[in-house]
Amino acid sequence: MLRPSPAPVPALRSVLAALGSPTAVREARTPALRAAQGPLSPELPLPVHVLGVTGAPGRTPSPRTRLTGWRFLIRNGDRAIAAADTRLTPDGWTFSHFFEGPYVTATEQALLHAEALPTPYQPRLLSVPELYMLTLWLHADLEADGTTVAPASADLLVPLAPAPPGIAAHRPYQVADLLPVLSTRLAPPPLLGSAAPA
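Quick notes on the rules
- Residues numbered from 1 in each chain as written.
- Predicted model: local features only at pLDDT ≥ 70, side-chain atom pairs only at ≥ 80, totals over all residues.
- Heavy atoms only, no water.
- Helix = DSSP H or I, 4+ residues; strand = E, 2+ residues; numbered from the N terminus.
- Buried < 20%, exposed > 50% of the residue type's maximum accessible area, 1.4 Å probe, protein only.
- Phe/Tyr/Trp six-rings, centres within 6.5 Å; stacked < 30°, edge-to-face > 60°.
- Lys NZ or Arg CZ within 6 Å of the ring centre and 35° of its normal.
- Contact = heavy atoms within 4.5 Å.

S.K.: Just checking my understanding: could you explain the environment of Arg64 for this structure?
M.R.: Note that Arg64 resides in strand β2 (residues 62-76). Residue Arg64 is classed as partly exposed on the basis of its relative accessible area of 41%. Sequence separation of Arg64 and Val149 is 85 residues, and the distance between their C-alpha atoms is 5.7 Å.

S.K.: Would you mind showing me how to read the packing of aromatic side chains here?
M.R.: Applying the stated rule across the entire model yields one aromatic pair. Ring plane angle 55° and centroid distance 4.7 Å describe the contact between Phe95 and Phe98, whose orientation is recorded as tilted. Residue Phe95 is classed as partly exposed on the basis of its relative accessible area, which comes to 21%. Its end group placed over the ring of Trp137, Arg124 keeps NZ or CZ at 4.8 Å from the ring centre. The cationic tip of Arg171 hangs over the ring face of Tyr173; the distance from NZ or CZ to the ring centre is 4.2 Å.

S.K.: Help me understand the environment of Pro45 in this model?
M.R.: Locating Pro45 in the fold gives a position in strand β1 (residues 40-54). Sequence separation of Pro45 and Ala11 is 34 residues, and the distance between their C-alpha atoms is 9.5 Å. Not counting residues up to four positions away in its chain, the partners in contact with Pro45 are Ser5, Ala7, Trp70, Arg71 and Phe72.

Here's what the structure looks like:
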């Protein structure tokens, strides 16, 4: 069961304005969006966080996230055909770009599977740019406002396809199982001549 947090109104307005702009849709690199027949609607807003790892080389890294935008799946009929990203600027939330590709379908699929889980979660996206990885972050705190800085122990992470080698796509991982793997891959290498971590 999913309990999405509401998107900021200016973010939704900016996406609706872009969808209503023939220029924005025509210039988007999204053939499915340009060829769509019938109404297009932005749905399933998800806060997008980027995972970073802080800490000195050779020490246990500390994963942190930062909110970088909101993503809306663009629905045409009964399926999502594209997505729209927004970003925060000094003037507030604004439309960034439209896109399509495997993560749109994978996000929709992961959300459908998460909806069937017996425990309610707040859905988010967690991006790991250095690993070319995107996960559905199922946050257990339903009252959170979407700006949480790190996944909690009760959260689940569902890597979306395509996932990096050695990480199964569409499999829910406990935070305690997946974050150490990601942190190890993201941690800076130890400096030459320094002792290896124990």
